[in-house]
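Chain residues, written in single-letter form:
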Amino acid sequence: MVMLVCCSCSASQKAERFSSSFLDLFDTASTVIAYDNSQDAFNAHLEEFHNKLEEYDHLYDIYNAYDGINNLNTLNAKAKDAPVEVDGRIIDLLEYGKEVYKLSSGKTNICFGAVLSVWHDYRQHGINNPDDAVLPDMKELEKASKHTDINSLVIDKEKKTVYFEDPEMKLDVGAIAKGYAVQEVCKWASENLWQSGVISIGGNAYTFGHKEDGSLWNIEIESPNLDYMDYVEVVQITDLTVVTSGDYQRYYTVDGKKYCHIINPDTLMPSEYVASVSVICDDSALGDALSTTLFNMSVENGKKLVEATDGVEAVWIDKEYNKTFSSGFEKYIKK
C-alpha cells in the first residue's frame, strides 16, 4: 500500500486542495486528493469519479452478482456452458490479461482461479477460525492446477462473448483488475474532472498535475513491517503511478507461520521471495501486473525483467527488510 503525503493549502485564488476517502470499492481503502474550485465542485466531481469506478468494481467482481449486468462472477458461473456476452470493458481486461501472461512468462495468470479459489476458502476459514487454520492439501491444489490453461479462455472481440473450453476453469483477475480500473478511471478523471491530483486505490497510487507550488507529489511507500521502518521510501512523482504488492496485506497464520494471498504458480504455494515489491511506471495496469509478477520471482530475475521493460522502476524489500533498487529507481526518491 502507498500513503499520500501532502499538506492542505490553496493552489490559487480559484483552486483549493480537497480530499476524501471511501472503503466500499475493490475491497480496499481509497483516498482522492485533488484541486478544485470549491467544496461543492469537488463533491460533485468525486461522485462522478466514484460512480465510474463503481462500474468497474461491479464488472470485475468474481464473488458477487449484480442485477442487469454480466460480470466476471457471471462468467465463472455460465461461460463453461456457452459463450456469454459481456461489456466491452471485460473484453478489454481479459485481452490485457492474456498480454500480461506472455509478459510474465505465466507468473501472472488470470485463469488461475481454480487454484486461487482453494486458497481463498482455506484463508477465509483460517481467518475466521484461527485455532483451526490449516493449509490446503497439495493433491487438491495439483488437481485444481490442471484447469488453469489460459488457452481455454476463448474471447470473441466482435461478438463480445467469452467462453471457457475447460468447464472447470475459473477466472481470478485480482492481479490486474484494480490496476486496470485505476488506469482507466483516473486517466478519465485527469481529463474531465481535475487538472491536478493524487488518487490512491489500495496499493495503487495515480498522480497527475502538480501541487499548488508547482512541485511534485510526495508518495510514501508503506513498509511491510511498520515495527522495523515507518515507510520504504518517499518518492516524488507526477503523471506516474506507484503500485505495491506485499505479504503483509492479506494473509492467514498456520502453526505460527504467515501465508500471504499471492500464490506462486510454480509451487502452488504462497510466494516467499520477498516481503514487498513496489513498481513505478506510467500505467497503473502495467504496474499492478508487474508488482505481482515480480513478487513471484527472485530479485535477480525480477531485476532483469524490470531492466528489460521501458519506463519501469522497482524496489524490492526482502524478508530481512533490506532494499534493492532497479537502476533508475533512486532518481525518484525524495532527497
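Residues numbered from 1 in each chain as written. Predicted model: local features only at pLDDT ≥ 70, side-chain atom pairs only at ≥ 80, totals over all residues. Heavy atoms only, no water.

## Side note on the sheet that holds strand β5 (residues 153-156)
Reasoning step 1: Taking strand neighbours across the sheet as the criterion, the three strands line up as β4-β6-β5 in an open arrangement whose pairing is antiparallel. Each of the sheet's edge strands pairs with one partner strand only, and the pair in question is β4 (84-85) and β5.
Reasoning step 2: Here β4 runs beside strand β6 (residues 161-164); their pairing, made up of two bridges, is antiparallel. Bridge pairing in β6 places Val84 opposite Val162.
Reasoning step 3: Contacts from helix α3 (residues 88-103) reach β5 and β6, with the element oriented near 130 degrees to β5. (Pairing = 2+ DSSP bridges. Helix = DSSP H or I, 4+ residues; strand = E, 2+ residues; numbered from the N terminus. Contact = heavy atoms within 4.5 Å. Axes fitted to C-alpha atoms, helices over the stretch in contact; angles between N-to-C directions.)

## Here we look at the packing of aromatic side chains
Reasoning step 1: Evaluation of the coordinates by the stated rule reveals eleven aromatic pairs.
Reasoning step 2: When the ring of Phe18 is compared with that of Phe42, the centres are 5.7 Å apart and the planes differ by 25 degrees; the resulting orientation is stacked. Here the residue Phe18 occupies a position in strand β2 (residues 16-22), and Phe42 occupies one in helix α1 (residues 39-59), the gap between them amounting to 24 residues.
Reasoning step 3: Geometrically, the ring pair formed by Tyr252 and Tyr259 is tilted, given 6.4 Å between the ring centres and 50 degrees between the ring planes.
Reasoning step 4: Judged by relative accessible area, Tyr259 falls into the buried class, the value being 11%.
Reasoning step 5: One aromatic cluster is present, built from ring pairs that chain together Phe18, Phe42, Phe49 and Trp194.
Reasoning step 6: Over the ring of Trp188 we find Lys52, and its NZ or CZ is 4.8 Å from the ring centre.
Reasoning step 7: One residue, Arg89, lies across the ring of Tyr56, its end atom 5.2 Å from the ring centre. (Phe/Tyr/Trp six-rings, centres within 6.5 Å; stacked < 30°, edge-to-face > 60°. Buried < 20%, exposed > 50% of the residue type's maximum accessible area, 1.4 Å probe, protein only. Lys NZ or Arg CZ within 6 Å of the ring centre and 35° of its normal.)

## A short note on a negative patch on the surface
Reasoning step 1: Together, Asp121, Asp137, Glu140 and Glu142 line one region of the surface with negative charge.
Reasoning step 2: Following the sequence through the fold, Glu140 ends up in helix α5 (residues 138-145).
Reasoning step 3: On the basis of relative accessible area, Glu140 is assigned to the partly exposed category, the value being 34%. (Patch = residues over 30% accessible without salt bridge, like charges linked within 9 Å, V, L, I, M, F, W, Y side chains within 5 Å. Areas by Shrake-Rupley, 256 points an atom, 1.4 Å probe, with all protein chains shown as cover. Salt bridge = Lys/Arg side-chain N within 4 Å of Asp/Glu carboxyl O. Lys, Arg positive; Asp, Glu negative; His and termini not counted. Charge placed at Lys NZ, Arg CZ, Asp CG, Glu CD.)

## As for unusual backbone geometry
One can expect most non-glycine residues to show negative phi and most peptide bonds to be in trans.
Reasoning step 1: For Phe26, which is not glycine, the phi dihedral falls at a positive 55 degrees.
Reasoning step 2: Looking at the secondary structure, you find Phe26 in the loop between β2 and β3 (30-36).
Reasoning step 3: Of the residues examined, Phe26 reaches a relative accessible area of 13% and is grouped as buried.
Reasoning step 4: Although it is not a glycine, Tyr321 adopts a positive phi angle of roughly 70 degrees.

## Brief notes about the environment of Ala285
Reasoning step 1: Counting through the fold element by element, Ala285 comes out in helix α7 (residues 284-295).
Reasoning step 2: With residues up to four places along the chain from it excluded, the contact list for Ala285 reads Tyr96, Gly179, Tyr180 and Gln183.

## Comments concerning the confidence of the model for the chain
Reasoning step 1: With 96% of its residues at a pLDDT of 70 or more, the chain has an overall mean of 94.
Reasoning step 2: Throughout residues 1-13 the model reports pLDDT below 50, and contacts reaching past four residues in sequence, or to other chains, amount to 43 contacts. (pLDDT = per-residue confidence, 0-100.)

## Here's the deal with α7
Reasoning step 1: For α7, with twelve residues, the first-to-last C-alpha span of 16 Å sits near the 16 Å given by 1.5 Å per residue.
Reasoning step 2: Buried within α7 are the following residues: Ser284, Ala285, Leu286, Gly287, Asp288, Ala289, Leu290, Ser291, Thr292, Thr293, Leu294 and Phe295.
Reasoning step 3: N-capping of α7 is provided by Asp283, with a side-chain oxygen placed 2.8 Å from the backbone N of Ala285. (Expected span 1.5 Å × (residues − 1). Polar contact = N/O pair within 3.5 Å; in protein donor to acceptor, adjacent residues only side chain to side chain.)

## Observations concerning the sheet that holds strand β8 (residues 204-208)
Whenever strands of a sheet pair, they do so through backbone hydrogen bonds, lying parallel or antiparallel.
Reasoning step 1: As summarised here, the arrangement of the eight strands in space is β2-β3-β7-β8-β11-β14-β15-β16, forming an open sheet in which the pairing is antiparallel. With partners counted over all chains shown, the strands left at the sheet margins are β2 and β16 (323-325), one partner each. With strand direction ignored, the average angle separating the axes of adjacent strands in the sheet is 15 degrees.
Reasoning step 2: As defined by bridge partners, strand β15 (residues 313-317) adjoins β16 across three bridges and the pair is classed as antiparallel. Bridge pairing in β16 places Trp316 opposite Thr324.

## Details of the packing of helix α6 (residues 177-192) against α7
Two packed helices can be described by the angle between their axes and the distance between those axes.
Reasoning step 1: Two elements in contact, α6 and α7, have axes whose closest approach is 7 Å; the angle formed by their N-to-C orientations is 165 degrees. With respect to each other, α6 and α7 are oriented roughly antiparallel. Pair α6 / α7 crosses with right-handed handedness. On α7, the residues that touch Ala177, Lys178, Gly179, Tyr180, Val182 and Gln183 of α6 are Ser284, Ala285 and Asp288.
Reasoning step 2: For the contact of α6 with α7, a count of residues per class yields four nonpolar, three polar and two charged. (Parallel < 35°, antiparallel > 145°, perpendicular 65-115°, else oblique. Left-handed = near helix turned anticlockwise from the far one by under 90°. Nonpolar A, V, L, I, M, F, W, Y, C, P; charged D, E, K, R; others polar.)

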